[in-house]
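Structure assessment
Here's the letter readout for the chains.
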Amino acid sequence: MARADFYLIGKPRFRDQPLLLVCELARKASDAGLPMLVLCASAAQAEQLDDLLWSFDPDAYVPHQIVGADEDEEEVPVLLAAPEHDVALRPMVLNLREAAVPDGFERVLEVVPADASARGPLRERWKQYVARGLEVAKHDM
């Protein structure tokens, strides 16, 4: 059964820089040998995340690239996709976009902002995933 995990930002470290949580989740997936697709909200966000994945932890290396940067994208553990790129879903998808991810994954990760006023759309997304029959869980971060 496919599942959706919602990561609620609470820690000051992630509140100040939410993409750090994305880096941590990407590192966990890479370390576990699980290829991940990150659906970025914009090309600028993909670039920002690309830079952050190189620098967020001096002792960590998360192999990654932006879609369109190389032909061997299937070999890269963490693939960053801006909205203008049409890319096949991977079993694990981290969604930073405004809409729920369509079927075609085993697990989707959703990052929920610390700002309570920004959580409404994520609540709706939660309901959408439940209605589609996904197992849904939340994690306080």
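For the structure given in this document, a descriptive report is provided here.

Conventions adopted
- Residues numbered from 1 in each chain as written.
- Predicted model: local features only at pLDDT ≥ 70, side-chain atom pairs only at ≥ 80, totals over all residues.
- Heavy atoms only, no water.
- Pairing = 2+ DSSP bridges.
- Helix = DSSP H or I, 4+ residues; strand = E, 2+ residues; numbered from the N terminus.
- Axes fitted to C-alpha atoms, helices over the stretch in contact; angles between N-to-C directions.
- Contact = heavy atoms within 4.5 Å.
- Salt bridge = Lys/Arg side-chain N within 4 Å of Asp/Glu carboxyl O.
- Buried < 20%, exposed > 50% of the residue type's maximum accessible area, 1.4 Å probe, protein only.
- Core = buried A, V, L, I, M, F, W, Y, C linked by side-chain atoms within 4.5 Å.
- Patch = residues over 30% accessible without salt bridge, like charges linked within 9 Å, V, L, I, M, F, W, Y side chains within 5 Å.
- Areas by Shrake-Rupley, 256 points an atom, 1.4 Å probe, with all protein chains shown as cover.
- Lys, Arg positive; Asp, Glu negative; His and termini not counted.
- Charge placed at Lys NZ, Arg CZ, Asp CG, Glu CD.
- Expected span 1.5 Å × (residues − 1).
- Arc of directions from axis to C-beta.

**Observations regarding the sheet that holds strand E5 (residues 92-95)**
The parallel open sheet is built from 7 strands, whose spatial order is E3-E4-E2-E5-E6-E1-E7. The open sheet is flanked by strand E3 (64-66) and strand E7 (135-140), the only strands paired with a single partner. Across this sheet, the average inter-strand angle for adjacent strands is 20°, counted without regard to direction. Alignment of strand E1 (residues 3-8) against E7, held across 6 bridges, turns out to be parallel. When the bridges of E7 are listed, leucine 8 appears paired with aspartate 140. On the sheet, helix H3 (residues 43-55) packs against strand E2 (36-39), E3 and strand E4 (78-81) and is oriented at approximately 160° with respect to E3. Across the face of the sheet, helix H4 (residues 120-131) comes into contact with E1, E5, strand E6 (107-112) and E7 while running at roughly 160° to E6.

**A look at the pattern of salt bridges**
Oppositely charged side chains can pair when the atoms bearing their charge come close. Applying the stated criterion to the full structure yields 9 salt bridges. Measuring nitrogen to oxygen at the nearest pair gives 2.6 Å for the salt bridge that ties arginine 107 to aspartate 5. Here aspartate 5 lies in strand E1 and arginine 107 lies in strand E6, a separation of 102 residues in the sequence. On the accessibility criterion, aspartate 5 (0% relative accessible area) is buried.

**Re the nonpolar core**
Counting residues in hydrophobic clusters, the biggest one holds 29 residues, and the most contacted among them are Val38, Leu49 and Leu94. Secondary-structure elements contributing two or more residues to this core are helix H2 (19-31), E2, H3, E4, E5 and E6. Among the elements that make up this core, the one with the highest residue count is H2 (8 residues). Aside from chain neighbours lying at most four places away, what touches leucine 49 is Leu19, Val22, Cys23, Val38, Cys40, Leu80 and Leu96. Core analysis: the next-biggest nonpolar cluster, separate from the first, contains 18 residues, Leu37, Leu79, Val93 and Val112 among them.

**What about a negative patch on the surface?**
On the surface, a cluster of negative charge is contributed by Asp70, Asp72, Glu74 and Glu75. Its place among the elements puts glutamate 74 in the loop between E3 and E4. For glutamate 74, a relative accessible area of 76% puts it in the exposed group.

**Quick look at H4**
An α-helix turns once every 3.6 residues. As a result, residues three or four positions apart point the same way. Under the 1.5 Å per step criterion, the end-to-end length of H4 is 17 Å for 12 residues, consistent within 8% with the ideal 16 Å. Among all positions of H4, only Leu122, Arg125 and Tyr129 are buried. All buried residues of H4 fall inside an arc of 55° around its axis, so they share one side. Among the exposed residues of H4, those pointing more than 90 degrees away from its buried face are Lys127 and Ala131. Each element contacted by the buried residues of H4 is listed here: E1, E5, E6 and E7. The first or second residue beyond H4 is glycine 133, which carries a positive phi of 90°.

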